[in-house]
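Architecture at a glance
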Amino acid sequence: MSETNVAASGASVEPSQPRPTAEPAARRGPGADAAPLIHARKLTKRFGEFTAVDGVDFDVQPGEAFGFLGPNGAGKTSTMRMIGCTSPISDGELSVLDMNPRRDGPRIRARLGVVPQHDTLDNELTVRENLLIYGRYFGLPREECARRADELLDFVQLSDRGKDLVEPLSGGMKRRLTIARSLINEPDLMLLDEPTTGLDPQARHLLWDRLYRLKQRGVTLVLTTHYMDEAEQLCDRLVVMDKAKIVAEGSPRQLIERYSTKEVAEFRFAPGIQETLDGQFDGLAERIERLPDRVLLYADDGEDVVASARSRGLHPETVLVRRSTLEDVFLRLTGRSLIE
Amino acid sequence: MSAIAGARDRRTTAPLPPLGSSWSTVRRVVEHRALQYRRTFRASIFGSFGIPVLFLTAMGFGLGGYVDRSQDAVLHGLTYLQFLAPGLLAATVMQTGSFEASFPILGGLQWNKVFHAMFATPIQPSDIVFGNVIWIALRLALVGAVFAFVIVLFGASRSALVVLAVPCAVLTGLAFATPMMAFTATQRTPDRFATLFRFGVTPLFLFSGTFFPIESLPSFLQPVAWLSPLWHGVDLCRQLMLGTVGDTPLLAVIHALVLITITVIGVAVAMRTVEARLVKG
Ligand SMILES: Nc1ncnc2c1ncn2[C@@H]1O[C@H](COP(=O)(O)OP(=O)(O)OP(=O)(O)O)[C@@H](O)[C@H]1O
Ligand SMILES: [Mg+2]
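As the structure is a prediction and not an experimental result, all values here were calculated from the model.

**Quick word on the sheet that holds strand β4 (residues 91-96) of chain A**
Residues and elements named next belong to chain A.
- A sheet is described by the order of its strands in space; here three strands give the open sequence β2-β1-β4, paired in antiparallel fashion. Looking at strand neighbours, the two that pair on one side only are β2 (50-60) and β4, the edges of this open sheet. For this sheet, the mean angle separating the axes of adjacent strands, direction not counted, is 25°.
- Bridge analysis of strand β1 (residues 38-47) against β4 gives five bridges, and the strand direction is antiparallel. The residue bridging A40 from the neighbouring strand is L94, located in β4.
- Against the sheet, helix α2 (residues 76-83) touches β1, β2 and β4, its axis set at about 120° to β1.

Here is the structure:
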């Protein structure tokens, strides 16, 4: 930490360091004693006439895992790139690690670990070389790069692939390598843009496990996703983004409590039947969503709803009673599904 | 497991990056290109020898045999090989420079996006431009030096100033590479490269005094050669290798200034287009 940096960020530098064991600051209540690592007010990104991010407010506290949940085109990547200081903000305020992205881009980037939405690995180099050279971009000495590269390959379970070229790796392996690469500078803050999109379930679970371990070590994670299960698994707190705006904010549990019921009964009918059932669901549940392929009935006791539906003479082909998820929250907030 | 955050060791913490390009950041970009190059080094060196040997044999000896018999007055008593060699040196380095600033740069911006990866670190767009220009200059120096070595082996150089012809050929290559880099950063596909090579690079290659003196062109076309950056490079290299630079020193200085000016403008424009492209994503 050089003098300029300390001067710029004042006393808040210390608390912003990741703690290996201590309870993450976020859990002690927002703004307890630490300045937020990211502070955004009316943050806006325009591309010509088009507004990709429209005046969003959020803070990310040290040690928390913070998510942006939203469908395609919501403005997640645009937001992440502004935080990552590779895309200038159009309007509003943004500070990252107590610095101003406009002025201190390279200094901020020196302390970030970035996993971009699309892999930017060098296919002409080997797996290990990708890590070594990336460490060099941060100005780390070669021996240090080598030491960290071996450690990180181990962490993402790619040690046996170190000498292979990147090209033939599976999507999941490339993603793990990108995560390893983003850790080479021991970042204070990780930015993960859709870390598991396009991966099979097994590869996703392996990645989640690694990210979970990082979170346990106190690394601050900011991630975007359009998978509600990913958001539920990893995020302490998240914002739901839709059409360039933040439409809700809270922990997964809070969001579900606020915008949905405890349970949901899902009815599927034989093709053509649902359309004939107008009005038949009225009063069965707190809230009813009729999707093209199924009807969702929101209530605190799903079985209750199923019983009263049966007694009304409704005979769905399949019935599923489940707990509410963030998918339901999203449906409620936007009237649309997360993944179309 | 200290690399995985948590225990941040201050002694091994990355140094705070400077704001603005400096050699310490630019060299990291050069280092990346060098690491990539290690894999193709052998084939590349082989090619660097092959091209001059083939060209000088076929054109210098083969074609030159006929030309020399015709006792052409324009060559002022030179063998055709002696006339051709400096032209080919400058033109080959020019072609290499144009190529190095097209596909490899588009690759970094568009295909495997390694420049975007760099831009997520303390590396800045200006570092990426400077680093690549330096890398291309090194590549061109290697190609030029090998070419000059082969020329000397063929006995086609008349002056020890051939040593200076190499940096002048590199400068010629950069006068093409830097505007090319500026252009490449505005492209998303290589489609326009073929057009540019066919209607830009190749005609210049043929009509810039490489294979025949521009005095043999129709007189109204001769001033056009002045507009060709390659002609400035060819003539400069030729004056050096034939040892005639002392006869027209002012002309040599003008040649060099033209090439330097184009290179500087090329770098300045490339800084803008590369930054715009990286910011766009
Ligand atoms: N460089 C750009 N120029 C113009 N428009 C852009 C640019 N980048 C993004 N956009 C537009 O901004 C909007 C938001 O894009 P963004 O990539 O931030 O969405 P996202 O939430 O990340 O979506 P996805 O889930 O598809 O990655 C989109 O409509 C997109 O077309
Ligand atoms: Mg995106």
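**Overview of the site of ligand 1**
- The full set close to ligand 1 counts 15 residues, and A:G73, A:K76, A:T77, A:S78 and A:Q117 are the nearest of them.
- Residues near ligand 1 are shared among chains A and B, making this a multi-chain site.
- A:N72 is positioned with one of its side-chain polar atoms (N or O) 3.0 Å from an oxygen atom of ligand 1.
- Interatomic distance of 2.9 Å between a side-chain N/O atom of A:Q117 and an oxygen atom of ligand 1.
- When the free accessible area of ligand 1 is taken as 630 Å², the share hidden by the protein chains comes to 68%.
- For the shell around ligand 1, the secondary structure elements donating two or more residues are β2 and α2 of chain A.

**Structural notes on the packing of helix α3 (residues 80-100) of chain B against helix α6 (residues 125-153) of chain B**
Residue and element names in this part refer to chain B.
- It is the contact of α3 with α6, at a shortest axis distance of 10 Å, that shows an interaxial angle of 155°. Taken together, the axes of α3 and α6 are roughly antiparallel relative to one another. Crossing of α3 against α6: the hand is right-handed. Contacts between α3 and α6 involve A85, L88, L89, T92, V93, T96, G97 and E100 from the first element and W135, I136, R139, L140, V143, G144, F147, A148 and I151 from the second.
- In terms of residue class, the contact of α3 with α6 is made up of 11 nonpolar, four polar and two charged.

About the thresholds
- The residue count restarts for each chain, going from 1 along the sequence in the order it is written.
- In the order they appear in the text, chains get letters beginning with A and ligands get numbers beginning with 1.
- In keeping with the predicted nature of the model, local features appear solely for residues at pLDDT of at least 70, side-chain atom pairs appear and are counted solely at 80 or more, and the whole-chain, interface and lining totals rest on all residues.
- Side-chain measures here rest on the full set of heavy atoms in the structure, leaving out hydrogens and waters.
- A pair of strands is considered paired only if DSSP assigns at least 2 bridges between the two.
- Each helix corresponds to a stretch of at least 4 residues labelled H or I by DSSP, and each strand to a stretch of at least 2 residues labelled E; elements are numbered beginning at the N terminus.
- Between N-to-C directions, angles cover 0 to 180 degrees, with each direction set by a line fitted to C-alpha atoms, over the stretch in contact for helices.
- We call two residues in contact when some of their heavy atoms are within 4.5 Å.
- Nearness of a residue to a molecule or strand requires only that one of the residue's heavy atoms be within 4 Å of it.
- Polar contact criterion, stated in full: a pair of N or O atoms within 3.5 Å, where within protein one must be able to donate a hydrogen and the other to accept it, and residues adjacent in sequence count only if both atoms are side-chain atoms.
- A 1.4 Å probe and the Shrake-Rupley method give the accessible areas. Residues count as covered only by the protein chains that appear here.
- With respect to orientation, any angle under 35 degrees is reported as roughly parallel, any angle over 145 as roughly antiparallel, any angle of 65 to 115 as roughly perpendicular, and every other angle as oblique.
- Two helices cross in a left-handed way if the nearer one is turned anticlockwise from the farther one by less than a right angle. They cross in a right-handed way if the turn is clockwise.
- Three classes are used, and their members are as follows: Ala, Val, Leu, Ile, Met, Phe, Trp, Tyr, Cys and Pro are nonpolar, Asp, Glu, Lys and Arg are charged, and the others, Gly among them, are polar.

All we've got here are geometric facts, nothing functional implied.
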